[in-house]
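# Observations on the model geometry
Each chain is listed here by its residues.
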Amino acid sequence: MENNQNFQQSFRHDIESDFEADFNDAQDGALYFAVTYLDTDCGRIRTESFDDAAAADRFASRCVAGEDGWAVVDAIPAKERRAAA
C-alpha cells in the first residue's frame, strides 16, 4: 500500500509540473487542451477541447469521479492558419 501511495504522489507531482509548463505556453496562445474521456452514460469515448489548462483539468476530474471513468488531458500545439482572402 505504501509503494502505491509513493507512486501516486510522484505521479501527481509530475502531472502538476507538466500542467504548469503547458499553462505557461498556453498564455501565449500556443496550446489548446484536449480531454479524451469515457462517457460512462453511453459507453463511448469522447473528446472535448479547452483553451485553458485549468478548465481541462477540472473537466477531466469530473470524468474520473465514477468507478469506471477515466480521462486523458493532452496539450496540443495550436496551428496557425491563413486567413481567407
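So, here is what we can say about the structure in this document. (Residues numbered from 1 in each chain as written. Predicted model: local features only at pLDDT ≥ 70, side-chain atom pairs only at ≥ 80, totals over all residues. Heavy atoms only, no water.)

## Observations concerning the pattern of salt bridges
To keep it simple, the criterion reads: Salt bridges are defined by distance alone: a side-chain nitrogen of Lys or Arg within 4 Å of a carboxyl oxygen of Asp or Glu. Partly exposed describes any residue whose relative accessible area lies between the buried limit of under 20% and the exposed limit of over 50%, with all areas from a 1.4 Å probe on protein chains only and scaled to the type maximum.
Under the criterion given, the structure shown has 1 salt bridge. Arg 46 is the partner of Asp 39 in a salt bridge, and the nearest nitrogen-oxygen pair spans 2.9 Å. A relative accessible area of 35% places Arg 46 in the partly exposed class.

## Details of the pairing of strand β2 (residues 44–50)
Going by this rule: In this description, strands pair whenever DSSP reports at least two bridges between them. Helix numbers and strand numbers start at the N terminus; a helix is a DSSP run of H or I with at least 4 residues, a strand a run of E with at least 2.
As paired strands, strand β1 (residues 31–39) and β2 are joined by 7 bridges and run antiparallel to one another. Bridge pairing in β2 links Asp 39 to Arg 44. Here β1 folds back onto β2 in antiparallel fashion, the turn holding 4 residues, of which Gly 43 has a positive phi close to 80°.

## Comments concerning helix α2 (residues 53–63)
For the record, the criterion: For this quantity, the arc is that covered by the directions from the helix axis to the C-beta atoms. In the analysis that follows, any N or O atom pair within 3.5 Å is treated as a polar contact, provided that within protein one partner can donate a hydrogen and the other can accept it, and provided that, for residues neighboring in sequence, both atoms belong to side chains.
Taken together, the buried positions of α2 are occupied by Ala 53, Ala 55, Ala 56, Phe 59, Ala 60 and Cys 63. Relative to the axis of α2, the buried residues are bounded by an arc of 160° and lie together on one face. Looking at where α2 begins, the residue whose side-chain oxygen comes 3.1 Å from the main-chain nitrogen of Ala 54 is Asp 52.

## Regarding the sheet that holds β2
Put simply, the rule reads: For helices, the fitted line uses only the C-alpha atoms of the stretch in contact; every axis is such a line through C-alpha atoms, and the angle between N-to-C directions lies from 0 to 180 degrees.
With respect to topology, 3 strands assemble into an open sheet ordered β2-β1-β3, the strand pairing being antiparallel. In this open sheet, the two strands that pair with only one neighbour each are β2 and β3 (71–77). Ignoring which end each strand starts from, the neighbouring axes of this sheet average 25° apart. Here β1 runs beside β3; their pairing, made up of 7 bridges, is antiparallel. Each residue of the ladder has a partner; that of Tyr 32, found in β3, is Ile 76.

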